[in-house]
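# Tertiary structure, described
Each chain, written out:
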Amino acid sequence: MTFRIRALLAVLIVVAVAAAGALYIRNRAIAEGPGGIDVATTGGLADVLGQTPDGPQLVRMAIRDLQEVYYKPVDGGVVVKGETTALRDFLHSKHVTNPSLRTDPAASDEDQAASTLTYAQQHYASGLGSDGRDELSEVALRGVMASVNDPYTVYLSPREIQGLNESLNGGNFGGIGVYIYQLKDGRVLVQPIEELPAARSGMKPGEVVDTVDGVTVKGLVLDRVEQLIRGETGSTVRITAHPYNAPKSKRSYSIVREVIHVPSVRAKMEDGYDYIRLSDFGQTSADEVRTALMDGEKHHAKGYIFDLRDNGGGLVTTATKISSLFIPQGPIVSTIRRDGSKTTESALGDPLPDVHPLVVLVNKYTASASEITAGALQDYHLATIIGTKTFGKGVVQTIIPMPDQSALKITMARYVTPLGRDINHLGITPDIIVNQNVDPALIDTPSDKQLAAAKARLRALAQ
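Let us look at the structure shown here. (Residues numbered from 1 in each chain as written. Predicted model: local features only at pLDDT ≥ 70, side-chain atom pairs only at ≥ 80, totals over all residues. Heavy atoms only, no water.)

## Things to note about helix 1 (residues 55-69)
Quick reminder of the rule: In DSSP terms, a helix is any run of H or I states spanning at least four residues, a strand is any run of E spanning at least two, and both are numbered starting from the N terminus. Here, expected helix span is obtained from the residue count minus one, scaled by 1.5 Å. Each residue's exposure class comes from its accessible area (1.4 Å probe, protein chains only) as a fraction of the maximum for that residue type: buried when under 20%, exposed when over 50%, partly exposed otherwise. Any pair of residues with heavy atoms lying within 4.5 Å of one another is described as a contacting pair.
Look at helix 1: 21 Å from first C-alpha to last across 15 residues, which is about the 21 Å you get at 1.5 Å a residue. Within helix 1, 11 of the 15 residues are buried, which leaves the element mostly enclosed by the surrounding structure. Buried residues belonging to helix 1 abut helix 2 (76-93), helix 3 (109-124), helix 4 (132-146), strand 23 (395-401) and strand 24 (407-416).

Here's what the structure looks like:
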């Protein structure tokens, strides 16, 4: 089976490969504004306190943040063009012929962008329905962020930032407890998590979902499938499905949603080795990895396998904490900003004893915070890296909240490993290359050649 590279963890959006990346979470300022979100009180934005900013005000804020934070110089004219292009393309998609988006070229970049959105809202919003003004605002903000042509610098709607926050904070929500994958032909597969509602209902790994509450899900984007499955705690979701190789064997499930906590670690003892698979670098991940390593010590593990395949990253602080479980002292990662200033995150000085020998598994979707940890362990010669070359995302982002509960994710710096390696667009080359199809269904199975190579390496080191 070949999967589209997108997955939901326990019906929680885990941002696609490297989209979460390596993140810093940043507060906008010190004063609490509408909705309990910190808003700026400097730079002329204090006037938005006490009221919900409209679209043009949000566009002004986004441009200022982008120009201040982005790790390369930002051309204001390019930003205005990006907004205008996005609005025009959107209106074309809504069958508006030759939309006019007037602006004053003599005005400042912020004024031009704000007036362009204002004009679009005044002349076209009414034809787009009751949410027309909000739709145009979101399109404008996405255009502003897309103008720098950086896939990691994006606007996040309130729903998107909620999903990202849930993934980084461990993910407590009303759901049924399944991993979801999507095949290239649009079919949706599920992997129930042990002891959670879906598994207790009898749902088996690898089943293909046909409908959710009567809605056919084949071909739907996974965001939409997630919306259908998630819901109020205590409510019931009805799912029909069939085994992957038996499409005529229909099964029906009525599953009561519960508060689901999504673990980022799956660990077990296998063949005397402590196998730890980490799905992301969230708020709870370091504690989960520590617990898994200590469990391996308790069971007298002969070695440790740390699986970072398909791990798109997460928080830089978590990468530092996890790396510090193995690295006793010294730098873990250094970030370099546009002005050349450098910040180094160092080991915390409290490593676990005897968590060796260690093998780290990687593939081409091991990215960002995962690469920080893998790169540091490789530089200090504390692990053997096995698999295929990693993604090569050597930049970090910051999350800046907006007062309407949306957010901006902006690339703020590039990073280098302890030995000064810049892996952006280059990736990390494993010490031992083992090629294998990128297929979530292969991981941790008898057909997993990379896992077999990890065990062979540990056996060799023990001799």
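## A few points about the sheet that holds strand 22 (residues 384-387)
Two pairing modes exist for strands in a sheet, parallel and antiparallel, and in both the strands are linked by backbone hydrogen bonds. As a reminder of what qualifies: Whether two strands pair comes down to DSSP finding at least two bridges between them. To obtain an axis, a line is fitted to C-alpha atoms, over the contacting stretch when the element is a helix, and the angle between two such axes runs from 0 to 180 degrees between their N-to-C directions.
Read from one edge of the open sheet, six strands run 15-16-17-21-22-25, paired in mixed fashion. Here the strands that pair on one side only, and so sit at the sheet edges, are strand 15 (265-270) and strand 25 (432-433). Pairing between strand 17 (residues 303-307) and strand 21 (residues 358-362): four bridges, direction parallel. Counted as the bridge partner of Asp-307 is Leu-361 from strand 21. Across the face of the sheet, helix 8 (residues 285-298) comes into contact with strand 15, strand 16 (273-278) and strand 17 while running at roughly 170 degrees to strand 16.

## Points about the packing of helix 1 against helix 4
How two helices sit against one another is set out by the angle between their axes and by the gap between those axes. Put simply, the test is: Geometric relationships in this document are graded by angle, where less than 35 degrees denotes roughly parallel, more than 145 denotes roughly antiparallel, 65 to 115 denotes roughly perpendicular, and other angles denote oblique. In this scheme the crossing of two helices becomes right-handed for a clockwise turn of the near helix relative to the far one and left-handed for an anticlockwise turn of less than a right angle. Residue polarity follows a fixed list, in which Ala, Val, Leu, Ile, Met, Phe, Trp, Tyr, Cys and Pro are nonpolar, Asp, Glu, Lys and Arg are charged, and the others, Gly among them, are polar.
Remark: helix 1 packs on helix 4, axes separated minimally by 10 Å, with the N-to-C direction vectors making an angle of 15 degrees. The orientation of helix 1 relative to helix 4 falls into the category roughly parallel. For the pair helix 1 and helix 4, the crossing hand works out as right-handed. Residues Gly-55, Leu-58, Val-59, Ala-62, Ile-63 and Leu-66 of helix 1 form the contact with helix 4, whose participating residues are Ser-137, Ala-140, Leu-141, Val-144 and Met-145. Of the residues contributing to the contact of helix 1 with helix 4, the split by class is nine nonpolar, two polar and no charged.

## Some points on the packing of aromatic side chains
For clarity, the cut-off: Ring pairs are drawn from Phe, Tyr and Trp, using the six-membered ring of Trp, whenever the two centres fall within 6.5 Å, and their geometry is named by plane angle: stacked under 30 degrees, edge-to-face over 60, tilted for the rest. Distance and angle both matter: a charge sits over a ring if NZ of Lys or CZ of Arg is within 6 Å of the ring centre and within 35 degrees of the ring normal.
Under the definition given, this model contains two aromatic pairs. Ring geometry for Tyr-70 against Tyr-71: centres 5.2 Å apart, planes inclined by 85 degrees, an arrangement best described as edge-to-face. A centroid spacing of 6.0 Å and a plane angle of 40 degrees characterise the contact between Phe-306 and Phe-326, whose relative ring orientation is tilted. Here Phe-306, found in strand 17, pairs with Phe-326, found in the loop between helix 9 (316-324) and strand 19 (331-336); they are 20 residues apart in sequence, far enough to count as distant. Both residues of the pair, Phe-306 and Phe-326, count as buried. Here the guanidinium or amino end of Lys-302 rests over the ring plane of Tyr-273, the centre of that ring lying 4.9 Å away. Seen from the ring of Tyr-152, Lys-393 lies directly overhead, with NZ or CZ sitting 4.4 Å from the centre.

## Quick look at the nonpolar core
Selection criterion: The term nonpolar core refers to a set of buried residues drawn from Ala, Val, Leu, Ile, Met, Phe, Trp, Tyr and Cys, joined through side-chain atoms within 4.5 Å.
Core analysis: the largest hydrophobic core is formed by 76 residues, its most contacted members being Leu-66, Leu-136, Leu-293, Phe-306, Phe-326 and Val-360. It is helix 1 that provides the largest number of residues to this core, a total of seven residues. In this structure, Leu-66 is in contact with Val-74, Val-79, Val-144, Met-145, Ser-147, Val-148, Thr-153 and Ile-410, ignoring residues within four places of it in sequence. By size, the runner-up hydrophobic cluster in this structure holds 19 residues, among which are Val-178, Ile-180, Val-190 and Val-212.

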